Structure formats: structure tokens, C-alpha cells
Amino acid sequence: MASHTELLVPLHVSYIKALGDNKDDLAYHMTAHLRMNAIYWGLTALCVMGHKDALDRDEMIAFVMSCWDEEAGAFGAHPDHDAHILSTLSAIQILITQDALDRIDLPQVVKFILSLQQPSGVFAGDSFGEVDTRFLFCSVNALSLLGQLDKLDVEKTVSYIRQCRNFDGGFGAQAGAESHAAQVFVCVAALAILDRLDEIDQPTLCWWLAERQLPNGGLNGRPEKLEDVCYSFWVLSSLSILNKLSWIDSEKLTAFILSSQELENGGIADRPGDMPDVFHTHFGVAALSLLGYPGLVDLDPVYCMPAKLIESKGLRKGWEALERRTT
Ligand code: GRG
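Residues numbered from 1 in each chain as written. Predicted model: local features only at pLDDT ≥ 70, side-chain atom pairs only at ≥ 80, totals over all residues. Heavy atoms only, no water.

## Some points on the UniProt feature "domain: Prenyltransferase alpha-alpha toroid" (unreviewed entry) in the protein chain
According to UniProt, the feature "domain: Prenyltransferase alpha-alpha toroid" (unreviewed entry) maps to residues 10-305 in the numbering used here. Its end C-alpha atoms 21 Å apart, residues 10-305 is made of 48% helix and 2% strand. (UniProt positions renumbered as here; feature names shortened; annotations may be inferred. Helix = DSSP H or I, 4+ residues; strand = E, 2+ residues; numbered from the N terminus.)

Next comes the structure, spelled out in C-alpha cells:
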């Protein structure tokens, strides 16, 4: 009998495998703009649970390649969608996980990513121009995974992140915007990749991050808001990069994530009793890996991919440098 006391791995694996089965459902079509991200979330959750091969590799690679936007030179979220940095990063993450990065037109993708940077240093998501620190992180992350960081204007990029730093140590979506835990993650992780964690007011930020834990064990994204399983990842990954994971009560957080599992058909919801989805399933499992939950594969907190894969690419450098500076 399934219960909330342990991670229901077989149930979550079958939940993820079944996600593409109901192509006639309205919900399937309503989420087309998230399809590439959803495949990255599902695949990474499976990797962390030790079931990487549960989804068909060839079918997955064929789908990714069918989302190539020839005009832009990058990937859309779905065939015939315009290229966007969110789907391009997910495509790169999927191809790397499946050891198929040779399928990418590297010069075109790098050109697309660099074209998104604005004079202020922030990045747009696509040619339509919305800007956000999310897109900055996705661009830095993608260039790093592709081994092309030397093409980036690092000073300009870091100077924009610096402008987004607030009095509470956190970061927002744009310069002057309120601190938000997910935006904190994207800024901290970008600085980790660029080996510039010294830009962070660490005691103040880690205090603000630790304050995100509520009496029920869950974490919220900013003061006075509700807890949500996804913040388990955004907050923990930031604390993990800054070597302060112990500032969270891990037993209470683990219990909160486990209690958000759906017991009949699997999947994890934003909070107990809600409908599960692949986004919260992925970030719940990812957070449990960072918490050292037994039997899970280690996750890299910066790239949110299996740690061994990131290590094999020689990419674990920014946060290790910090560890050296603080010890
Ligand atoms: C994980 C490698 C990797 C990449 C992801 C796209 C991205 C990079 C990160 C997204 C970060 C982000 C801004 C997530 C949003 C999380 C979220 C639930 C936002 C909801 O905001 P509100 O204001 O919710 O609706 P609150 O919780 O504040 O009420």
C-alpha cells in the first residue's frame, strides 16, 4: 500500500512514462509551449531515480530535432514554434544526457544565444525581446554546456546581475524587481558558472533563503507566500552552491515533499492534495537528491543535471572555487 513516508519511485516512473500517452487530451495541447522543457524535466527526474532508459532515446532525439527552427538557428518548444532560449537550453540538456550533442549545429546555436544579449548585459528570451534573469542564466548555462563560454562578455553579464541584487541579499527578475527564490537561483547559478560568487552578500542571502521554510516544512518563494514543492529546489540549490544546506530543516522538508506525492497514479504536486505535474515531480525529486535521500543519483545544483555527467564535462568549477576561498 503506497504511503507518504517514502519516495514512490516505480509509481513516479510510470507516471512520467504515461505523460505522452493521451495526445487527444486538451491539457496535452494546452501545454505544447512547454513540451521541450517537460521532456527535460521528465528525463532528469528519471535519471535521478536511476531509470534513465524508461523513455525511448531515439524517439526523444527525433522529437528534439523536429523542433529545430532553421530561420533562427535554435530550438522551439514544439515543432513549428519559434526558437526560444528556454527550449534551446532544454534541447541541449536532453541531447547531452542522451550523448547526442553532435546533432547540434553548434555555430548557429551559439550565434542565436549571443544575439539575445542586450547592451545592459541582460538576455532576451527570443527575438521578440522580453528580458529576465532567467534568460540570462539559460544563456550562460547553454554556452557553458556547449564549451563556448569564452564567447561571452562576462563583465557585461555580471554587471547586470549585480544591478539585480537587493537589500535583502536576493535577486529579482530584472534590475529593481523584488527578490524571489527562483530568480535567486538563476542569478546564483549564473555567478557560479562564471566563477563570480564573490558578487553575493552571502550571509544576508543565506539568511533570507533559510527564512523561506514554513512551520509545515515546505518552502515559499518570498515572504508571506504559500509553500510550493518547486521552491525546495530553487532554495536548496542556492544554499547548496553556497555550502549552507544545513540552514534548512531537511527532515521537515523531506516530509513535506513526500506528502505532496499522488498515491494512486504517481507524480508530485505543488503541495499536498493538489494535482501532480511533471514540473513539480522533477523539482521535488531533484530537491530530494540534494537532501541526500537514499537511493537517488546525485544532482548538480548549478546545472540541475546528474552530477557525474557535469563532472565528466569538467564543468564543476565555480562553487568549488568558493569552497577553496572560504576554507
Ligand atoms: C533548472 C537548469 C534549470 C533551468 C531553469 C527557467 C529557469 C531556468 C528557471 C525558472 C525560474 C523561475 C522564475 C521559476 C518560477 C517559479 C514559480 C513557481 C513562480 C511563480 O511565481 P508567483 O509569483 O508565485 O506566481 P509565488 O510563489 O511567489 O506566489
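## Topic: the side chain of Asp-132
Considering the arrangement of structural elements, one finds Asp-132 in the loop between α6 (106-115) and α7 (133-145). On the basis of relative accessibility, which here comes to 7%, the residue Asp-132 falls in the buried class. A distance of 3.3 Å separates a polar atom in the side chain of Asp-132 from a polar atom in the side chain of Gln-183. Here Asp-132 is in contact with Val-122, Phe-123, Ala-173 and Gln-183, once residues within four sequence places are set aside. (Buried < 20%, exposed > 50% of the residue type's maximum accessible area, 1.4 Å probe, protein only. Polar contact = N/O pair within 3.5 Å; in protein donor to acceptor, adjacent residues only side chain to side chain. Contact = heavy atoms within 4.5 Å.)

## So, the packing of helix α11 (residues 229-241) against helix α13 (residues 278-290)
Between two packed helices, what matters for the description is the angle formed by their axes and the separation of those axes. Relative orientation of the contacting elements α11 and α13 amounts to 35°, with a least axis distance of 8 Å. Of the two possible hands of crossing, α11 and α13 adopt the one that is left-handed. Together, Val-229, Cys-230, Ser-232, Phe-233, Trp-234, Leu-236, Ser-237 and Ser-240 of α11 and Phe-279, His-280, Phe-283, Gly-284, Ala-286, Ala-287 and Leu-290 of α13 make up the contact between the two elements. Its residues placed into classes, the contact of α11 with α13 shows 10 nonpolar, 5 polar and no charged. (Axes fitted to C-alpha atoms, helices over the stretch in contact; angles between N-to-C directions. Left-handed = near helix turned anticlockwise from the far one by under 90°. Nonpolar A, V, L, I, M, F, W, Y, C, P; charged D, E, K, R; others polar.)

## Examining the site of the ligand
With respect to spatial proximity, 18 residues lie near the ligand, and among them Ala-182, Gln-183, Arg-222, Lys-225 and Tyr-231 are the closest. With respect to the ligand, the side chain of Arg-222 contributes an N or O atom lying 2.5 Å from an oxygen atom. Taking Tyr-231, its side chain carries an N or O atom lying 2.7 Å from an oxygen atom of the ligand. Contact with the protein chains hides 73% of the accessible area of the ligand, taken as 750 Å² for the molecule alone. Sorting the residues of the shell around the ligand by element identifies α5 (85-97), α7, α9 (181-193) and α11 as the ones contributing at least two each. Per element, the largest residue contribution to the shell around the ligand is 4 residues, and it comes from α7. Class assignment for the residues of the shell around the ligand results in 11 nonpolar, 4 polar and 3 charged. (Near = heavy atom within 4 Å. Areas by Shrake-Rupley, 256 points an atom, 1.4 Å probe, with all protein chains shown as cover.)

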